[in-house]
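For reference, the chains in residue letters:
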Amino acid sequence: MAVNAVGILGDTMRKQIQTDCASTNQETKEESGLKKSTYSIEGLTQERLRYLLDYDPDTGIFTWKNPQSNSVSIGQRAGSYSNGRNQIMLDGATYRANRLAWLYTYGSLPQFVDHEDNNPWNDRIENLREASRQQNRANSVSSNILGLKGVYRHGNKFKARINYEGKLIYLGLFATKEEASAAYKAAATHLFGEFANE
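This write-up is about the structure you can find in this document. This one's a predicted model, so the numbers in the text were calculated from it and none came from an experiment. Every chain's residues receive numbers from 1 upward, in the order its sequence appears when written. Two thresholds apply to this predicted model, a pLDDT of at least 70 for residue-level local features and 80 or more for giving and counting side-chain atom pairs, whereas whole-chain, interface and lining totals are computed over all residues. Hydrogens and water are ignored here; the side-chain numbers use all heavy atoms of the structure.

### Considerations on the overall build of the protein chain
Piece 1. Along its length, the protein chain carries 5 helices and 14 strands.
Piece 2. Partitioning the contacts of the protein chain with sequence separation of at least 6, the portion at a separation of at least 24 is 48%.
Piece 3. Methods summary: accessible areas were calculated by the Shrake-Rupley approach with a probe of 1.4 Å, and residue burial reflects only the protein chains presented. Element-wise, carbon and sulfur atoms account for 47% of the exposed surface of the protein chain, whose accessible area totals about 11,300 Å². Numbering of helices and strands runs from the N terminus; a helix is a DSSP stretch of H or I covering at least four residues, while a strand is a stretch of E covering at least two. Note on contacts: a residue pair is in contact if any heavy atoms of the two residues lie within 4.5 Å.

What follows is the structure, encoded as structure tokens:
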């Protein structure tokens, strides 16, 4: 059965979501906003980063300019993959490559740097965007058994829910998982805009 993902989130549900989240949104606005450090990541400056590494914005790859180890050559690719992400050790501290790419390019750093295509290995600058914690989480993929974000089996039906600013919002109980998924998608688009991810 075809479901209109835009129409399924009716005016009543939109108002409920806005009412439920208004106070939470106000309280966490400063916390979840796009906070920036204008100079460093935990002491690492753009100047120091550019001294140590070269970064190719078209490939997202870092290479050593001034290696910190005798076992590393100039021009050698920097970093190693750990926990599904490229991490680079500089001055005894480990950094995620996407955060280094942002600092290298712009000299400032948002609270979070999100991979637009949701591929944690794609650190090309055009694939990175500044985000709040909530926006970064909204762009994650589903890991539940149904493979549908925000959809869970409830007896012989399916419930939809969404997490917004730390608050779990119930979207309804549906006869099919497709209808529940459409409700989730409509709510996610309404709440997260371009960061909404199925």
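### So, the pairing of strand S4 (residues 53-56)
Piece 1. Burial along S4 is one-sided: Leu 53 and Tyr 55 are buried, and none of Asp 54 and Asp 56, which face the opposite way, are.
Piece 2. Where S4 hands over to strand S5 (residues 61-64), the hairpin turn is made up of 4 residues, of which Gly 60 adopts a positive phi near 80°. Between buried and exposed lies partly exposed: a residue is buried under 20% and exposed over 50% of the maximum accessible area for its type, with that area taken using a 1.4 Å probe on protein chains only. By this definition, two strands are paired if DSSP reports at least two bridges between them.

### Some words on unusual backbone geometry
Piece 1. Despite not being glycine, Asp 91 has its phi angle at roughly 50°, a positive value.
Piece 2. Structurally, the position occupied by Asp 91 is in the loop between strand S7 (85-90) and strand S8 (93-96).

### Digging into the packing of aromatic side chains
Piece 1. The rule is short: rings of Phe, Tyr and Trp, with Trp giving its six-membered ring, pair when the centres are within 6.5 Å, and they are stacked under 30 degrees, edge-to-face over 60, tilted in between. Under the counting rule described, the total for this entry stands at 5 aromatic pairs.
Piece 2. Ring geometry for Trp 102 and Tyr 106: centres 4.5 Å apart, planes at 50°, overall tilted. With Trp 102 and Tyr 106 both in helix H3 (residues 97-106) and 4 residues apart, this pair spans about one turn of that helix.
Piece 3. Overall, the relative accessible area of 46% leaves Tyr 106 in the partly exposed class.
Piece 4. Joined through ring pairs, the aromatic side chains of Tyr 55, Phe 62 and Tyr 104 make up one cluster.
Piece 5. Two thresholds decide whether a charge sits over a ring: the Lys NZ or Arg CZ must be within 6 Å of the ring centre and within 35 degrees of the ring normal. For Arg 50, the ring lying beneath its charged end belongs to Tyr 104, and the centroid distance is 5.0 Å.

### As for the sheet that holds strand S6 (residues 80-82)
Piece 1. Read across the sheet, 3 strands follow the order S6-S7-S8 without closing on themselves; strand pairing throughout is antiparallel. Each having just a single partner strand, S6 and S8 make up the two edges of the open sheet. Geometrically, the sheet is characterised by an average inter-axis angle of 45° between neighbouring strands, direction not taken into account.
Piece 2. Two strands pair when backbone bridges link them, and S6 and S7 are joined in this way by 3 bridges, in the antiparallel orientation. Across the sheet, residue Tyr 81 finds its bridge partner in S7, namely Asn 86.
Piece 3. As a rule, the C-alpha atoms of each element are fitted with a line to give its axis, helices using only the stretch in contact, and angles between N-to-C directions run from 0 to 180 degrees. Together, S7 and S8 form the strand contacts of H3, whose direction differs from that of S8 by roughly 80°.

### Digging into the pattern of salt bridges
Piece 1. Any carboxyl oxygen of Asp or Glu that lies within 4 Å of a side-chain nitrogen of Lys or Arg is treated as forming a salt bridge with it. Taken as a whole, this structure holds 4 salt bridges when the rule is applied.
Piece 2. The partner of Glu 126 in a salt bridge is Arg 124, and the shortest N-O contact between them spans 2.2 Å.
Piece 3. The exposure class of Glu 126 is exposed, given its relative accessible area of 58%.

Function cannot be read off these values alone, since they describe shape.
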